[in-house]
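Remarks on the overall topology
So the chains spell out like this:
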Amino acid sequence: MISALLISVCLAADTPAKITLDPRLAAEEQQRIAVIAKVKPTVVAIFGPGGAGGGSGVLISADGYALSNYHVTSAAGNFMKCGLADGRLYDAVIVGIDPVGDVALIKLFGREDFPHSKLGDSDKLKLGDPLMAMGNPFLLATDFEPTVTFGIASGLHRYQYPAGTLLEYTDCIQTDASINPGNSGGPLFNRDGEVIGINGRGSFEKRGRVNVGVGYAISSNQIKNFLDHLKGGLVIDHATLGATVTTEADGRVVVNEILSSAEAYRRGLRPEDEIVSFAGRPVGSVNQFKNVLGIFPKGWRVDLTYRREQQKTTIKTKLAGVHAAGELLKKPQQPQPPGRPPGPGPKPEKMMAAPPKPKIPEELKKFFEAKEGFANYYFNRTLRDGLLAGLRSRGDFAKRTGAWKLVLVADAGGEVQITIDESSAVWKAGAVQFTARAGEEGRFDPPGTGGLLVAVDHWRRMLIDQNKWFPVCDYAGGFPSTNGELLLGVHAERGGVKTAWLFDRKNGELRGLECLADKDGDPCEIAFGEYQTISGVSLPHRWEISYGGKPAGAYRLRSAEVK
Amino acid sequence: MRARTNDVVRCLPLLLALFGFVAQPAFSQDAETIRRVSERMVKLFGAGGLGRIEAYGSGFLVSPNGHILTILNPLLDAPEITSVLADGRRLPAKLLAIDSVRELALLKVEGKDFMHFDLAETVSVEPGDLVLGFSNLFNIAAGSESVSVQRGVLAAHARLTARQGFNEFTYRGKVYVIDAPTNNPGAAGGALVDHRGRLLGIIGKEVKNALSETWVHYALPIDEFRELVRQVIAGKYKPTDPVAVDAKEKEQPRRVVKVDLRGIVPLPDVLDRTPAFIDAVQSGSPAEKAGLKADDLVLFVGESLVQSVDDFRVLIDKIPADQKVRLVVLRGQNLISVELPPRGAKSDVRTPESSAAEKKTKQP
């Protein structure tokens, strides 16, 4: 044995010794190199229009949409300059923002074929999975080639309290891949090069604002829930149950206080009820509860299972918004601007005149429209008009301004005639008749529907007048349907009545209408299906009504006269 | 010859697999290992929570009957120490034994059949090997949430000349130096394991290398505490009497790291923020040669404002050993700027403690 070693040493003396890599390690290295080469072109270095500030982002579609942090884009402004790894600078505009969740969507211009990365499934992550962060820490990349740092998933479904700011990181990913000022807004990739997080926060302490092994990223699955909202130029609000929860001494999470106006209250939830699961996830701590709440936009309906005296009940409840209108943009953001390097700053130069205001290219300005309460109304208006155009395409409704007569047959038996015209909506079933008129009359009729007649009246109006009859009519984001797919919503308002219009994202069909006549009550909900041409226009032949979370009638359209 | 070695290496995993061994590659970690280690980790809560003293820390189970090993921490000074296990159970913990030189503490909770690390296993590890650090750093994990896991590489197995603030590191043995930032607030008492989840050491406190002024990430190797734990579990360890501990401390006082003030004797630091007046200047010292006098008020060390004697000591200590120190002092109405030589410059000077004693006799 020893002689063999001696011989090998002698042989080795002539040629330099080579480390024999475990082939699995060599393969892993090659895979990492290949993934980095693939995703590098999709990482964005974000700057303000004059080159100030700095953060990172990642392109997620070929037409130029890119994700970043809200605290990066709010410091950069509505118009940005974005550098890609090819060394080129592109113009970009803000699209939508989520101040609480610290997410922003921007759009780059100049190409129709931007390299882009896919959003992966962050729920598939396991502790210890290898992760890569890419971005522009310390603004090192003067040529915009991103810095790569490597680490593992150190913690999952973490909750980070909003410390002195609005930013609350719920259900976030903790990693020991180095994340420093300037990395904010950049992607966190899994081993396959899918974006499973957007980096934005870290735990810092006595060593100043440099990474000490703990960074946090917003999960891709949370971002997916908000993507339709972000695309619509909205200022997104997160969700509240309308209740606070607390942990009892025995570890159970119970309802502490609940608003009587909360939908959960109307569905039966009361103080002291134990929260067992929320949106399908078990709730073992207040943090876990907040984690679930934090990943949904307001207006979404989720399942909640509670226990009272050994009895478990599951309800579906709509989540309300947390903030009052306008409040989101007023709250202070992160105290320190991103991208400032740590340690003593350079000696201040003698006072210079303020730098000249950067010029925004004219062609870019048309992609930004300021409107109170919106991040960028241009995108909202575009998406809204696109959805409403889908209504127009299904018939010459604009001409059908006369009376409409619909005959519906109930699954349970019996016929209903609904007549709608300029001044009234009438429901006639046998000898029973209900009428709704402008003003208070018949506002909630027929009884038990929450106001079907008012809903149908608004439905006819939207088809005839598109959005002109409604003083408020905006695109509202994505909302889950009963089978889990996301429908695209438009919110409208007229005469104190709020309506939500839900469209199929593939074929643009109007799949649902919610009509809320009583702001502290439940809306009348109609689910439309089976569109067919009748009386020269395409109308739904299946109508399913619900109110207060319970079915309130299911019908087939037998005949229609649409004048 | 080399080609054959390659072949053997390539075949090894296959051979091991054939023999039923799951060959977890030594350069990566798997989710199952991490899950197993996490089950043995404990989150600790106790006294503190003011200023820089955290009320939270980490530990891990070392026996099926609930013995928990951790680092000797101010949080253990509480009348009640709470341990939160991996499954979220909150149990009161009793302090059983301490080792003030290695700064270890052994606690116990009531119960049995706890998942624990088996200290009897000898695990060898070398610089370059992958290591994983588990701890509740920054108190991120609450209740039944998993503690945090970080990945690094064993950088060295060496003696550490370190300090915690102004106190010298008492332990003189070898430690495992890690290249990952494991030693953070709340991490002391965490577990350092190898790629297969076997215990290598206990993550230590936040200390600075006395030579380089840099934060060091280290763990105390298992060989250093295997015997202590064995004795306590076997009931053979006598708990140190609190009085006896104090007496021991008096025998070997903690050596305070000397901060080289270049011959400046500041006012005794008796107030919350004692203003940084120079009380006396040692004769023959660099301070005297630079022209500093008693009653000068030190305002700036370099570009940093000095707001107290403590500030002054900390700031002057931060200046790298080979650099000169620029001071700005206020004498009467005048601002005077002086330059002092780098640390350890030759001069006839005594330690601050003996000078203070000397100064007492000099006071008019």
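Located above this text is the structure these notes cover.
Described below are features of the structure shown in this document.

**A closer look at the overall build of chain A**
When its secondary structure is counted, chain A shows nine helices and 31 strands. With the C-alpha coordinates of chain A rotated into their principal frame, the extents come out at 105 × 65 × 50 Å. By residue count, 53% of the 563 residues in chain A fall in the buried class. A sequence separation of at least 24 residues applies to 58% of the contacts in chain A between residues at least 6 apart. For chain A, the computed accessible surface area is about 25,300 Å², with 55% contributed by carbon and sulfur atoms. Taking the 67 positively charged and 63 negatively charged side chains of chain A as two groups, their mean positions are separated by 2 Å.

**Some points on the overall build of chain B**
What chain B contains, in helices and strands, is seven helices and 22 strands. Buried positions account for 43% of the 364 residues belonging to chain B. Restricting the contact set of chain B to residue pairs at least 6 apart, pairs at least 24 apart contribute 62%. Summed over its atoms, the accessible surface of chain B is roughly 18,900 Å², and 54% of this surface lies on carbon and sulfur atoms.

**A short note on the interface of chain B and chain A**
Taken together, the 38 residues of chain B in the interface contact 35 residues of chain A. Taking both partners together, chain B and chain A bury about 2,900 Å²; carbon and sulfur atoms supply 57% of that area. When the buried surface of chain B facing chain A is broken down by residue, B:Phe27, B:Ile140 and B:Arg151 rank first, second and third, together holding 20% of it. In this structure, the connection of chain B to chain A is made through zero salt bridges. Connecting chain B to chain A are six residue pairs in polar contact (both at pLDDT 80 or more). Mapped by element, the contributors of at least two residues to the side of chain B that touches chain A are α1 (2–18), α2 (31–38) and β8 (148–159) of chain B.

**Some details on the environment of B:Ser144**
Considering the arrangement of structural elements, one finds B:Ser144 in the loop between β7 (130–135) and β8. Placed 102 residues apart in sequence, B:Ser144 and B:Val42 show a C-alpha to C-alpha distance of 10 Å. Once residues within four sequence positions are removed from consideration, B:Ser144 is found in contact with A:Gln288, B:Ala86, B:Asp87 and B:Gly88.

**Re the packing of aromatic side chains**
All names here are of chain A. Going through the model one piece at a time under the given rule, you end up with 19 aromatic pairs over all chains. Where Phe-470 meets Trp-501, the ring centres are 6.1 Å apart and the plane angle is 80°; that geometry is what we call edge-to-face. Of the two residues, Phe-470 sits in the loop between α9 (452–465) and β25 (472–480) while Trp-501 sits in strand β27 (residues 497–503), which places them 31 residues apart along the sequence. Accessibility assignment for this pair places Phe-470 and Trp-501 in one class, buried. A network of ring pairs unites the aromatic residues Tyr-65, Phe-109, Phe-367, Tyr-378 and Phe-379 as a single cluster. Lying over the aromatic face of Tyr-265, Arg-270 brings its terminal NZ or CZ to 3.7 Å of the ring centre. The cationic tip of Arg-494 hangs over the ring face of Trp-469; the distance from NZ or CZ to the ring centre is 4.4 Å.

**Remarks on empty space enclosed by the protein**
One simple way to see leftover space: roll a probe sized like a water molecule over the atoms. All names here are of chain A. All chains considered together, the criterion is met by six cavities of 30 Å³ or more. Lining the largest cavity are Glu-28, Gln-31, Arg-32, Val-35, Pro-130, Leu-131, Met-132, Phe-150, Phe-189, Asn-190 and Arg-191. Those elements giving two or more residues to the lining of the largest cavity turn out to be α2 (23–39) and β7 (130–135). At four residues, the largest contribution of residues to the lining of the largest cavity is made by α2. Class assignment for the residues of the lining of the largest cavity results in six nonpolar, two polar and three charged.

**Some points on the sheet that holds strand β5 (residues 89–98) of chain A**
What holds strands together in a sheet is hydrogen bonding between their backbones, with the strands either parallel or antiparallel. Residues and elements named next belong to chain A. Spatially, six strands are ordered β1-β2-β3-β6-β5-β4 in a closed barrel, and the strand pairing comes out antiparallel. Averaged over all adjacent pairs, the angle separating strand axes in this sheet is 40°, with direction ignored. In this sheet, strand β6 (residues 103–108) lies alongside β5 in antiparallel orientation, the contact comprising six bridges. Following the sheet pairing, Ile-97 is matched in β6 by Ala-104. Contacting β3 (65–68), β5 and β6, helix α4 (residues 220–231) runs over the sheet at an angle of about 105° to β5.

**Notes on the sheet that holds β25(A)**
All names here are of chain A. Spatially, β24-β23-β22-β21-β31-β30-β29-β28-β27-β26-β25 is the arrangement adopted by the eleven strands of the open sheet, whose pairing is antiparallel. Both outer strands of the open sheet, β24 (432–437) and β25, are each paired with one neighbouring strand and no more. Each adjacent strand pair in this sheet contributes to an overall mean axis angle of 25°, direction not counted. Pairing of β27 with strand β28 (residues 510–516), which is carried by six bridges, proceeds in the antiparallel orientation. Opposite Phe-503, over in β28, you have Leu-510 as the bridge partner.

**Here we look at helix α6 (residues 286–294) of chain A**
The buried fraction of α6(A) is high, at seven of nine residues. Within the span of α6(A), buried status applies to A:Val286, A:Asn287, A:Phe289, A:Asn291, A:Val292, A:Leu293 and A:Gly294.

Conventions used here
What you see as residue numbers is a count from 1 along each chain, following the sequence as written. For naming, the first written chain is A and the first written ligand is 1, with later ones following in the order written. Reporting of local features is limited, given that this is a predicted model, to residues whose pLDDT is at least 70; pairs of side-chain atoms are given and counted only at 80 or more, and all residues count toward the totals for whole chains, interfaces and linings. With hydrogens and water stripped out, all remaining heavy atoms of the structure feed into the side-chain values. The helix count covers DSSP runs of H or I at least four residues long, the strand count covers runs of E at least two residues long, and both are numbered beginning at the N terminus. Residue burial is assigned from relative accessible area. The probe radius is 1.4 Å, only protein chains are included, and a residue is buried under 20% of its type maximum, exposed over 50%, and partly exposed in between. Throughout, a contact is declared for two residues whenever any of their heavy atoms are within 4.5 Å. Computed with a 1.4 Å probe, the accessible areas rest on the Shrake-Rupley method; for each residue, only the protein chains presented here act as cover. Charge counting treats Lys and Arg as positive and Asp and Glu as negative, with His and both chain ends excluded. By convention, charge coordinates are those of NZ in Lys, CZ in Arg, CG in Asp, or CD in Glu. Once two parts are joined, some of their accessible surface, as seen by a 1.4 Å probe, is lost; buried area is that loss totalled over both. Salt bridge, as applied in this entry: a Lys or Arg side-chain nitrogen positioned within 4 Å of an Asp or Glu carboxyl oxygen. Here a polar contact means two N or O atoms within 3.5 Å. Within protein one must be a hydrogen donor candidate and the other an acceptor candidate, and residues neighboring in sequence count only if both atoms are side-chain atoms. Aromatic pairs are defined between Phe, Tyr and Trp rings, using the six-membered ring for Trp, whenever the two ring centres lie within 6.5 Å; interplanar angles under 30 degrees are classed as stacked, those over 60 as edge-to-face, and all others as tilted. Look at NZ for Lys and CZ for Arg. If either is within 6 Å of the ring centre and within 35 degrees of the ring normal, a charge sits over the ring. Using protein atoms alone on a 1 Å grid, points that fit a 1.4 Å probe yet trap it form a cavity, whereas open point sets bounded by protein on both sides within 12 Å along at least five of seven lines form a pocket; residues with an atom within 4 Å of a point count as lining. Grid points are joined across faces, edges and corners, and a volume is the space filled by probe spheres set on the points. Classes in brief: Ala, Val, Leu, Ile, Met, Phe, Trp, Tyr, Cys and Pro nonpolar; Asp, Glu, Lys and Arg charged; the others, Gly included, polar. Paired strands, in this sense, are two strands between which DSSP finds at least two bridges. Whenever a helix is involved, its axis is fitted only over the stretch in contact; in every case the axis is a line through C-alpha atoms, and angles between N-to-C directions fall within 0 to 180 degrees.

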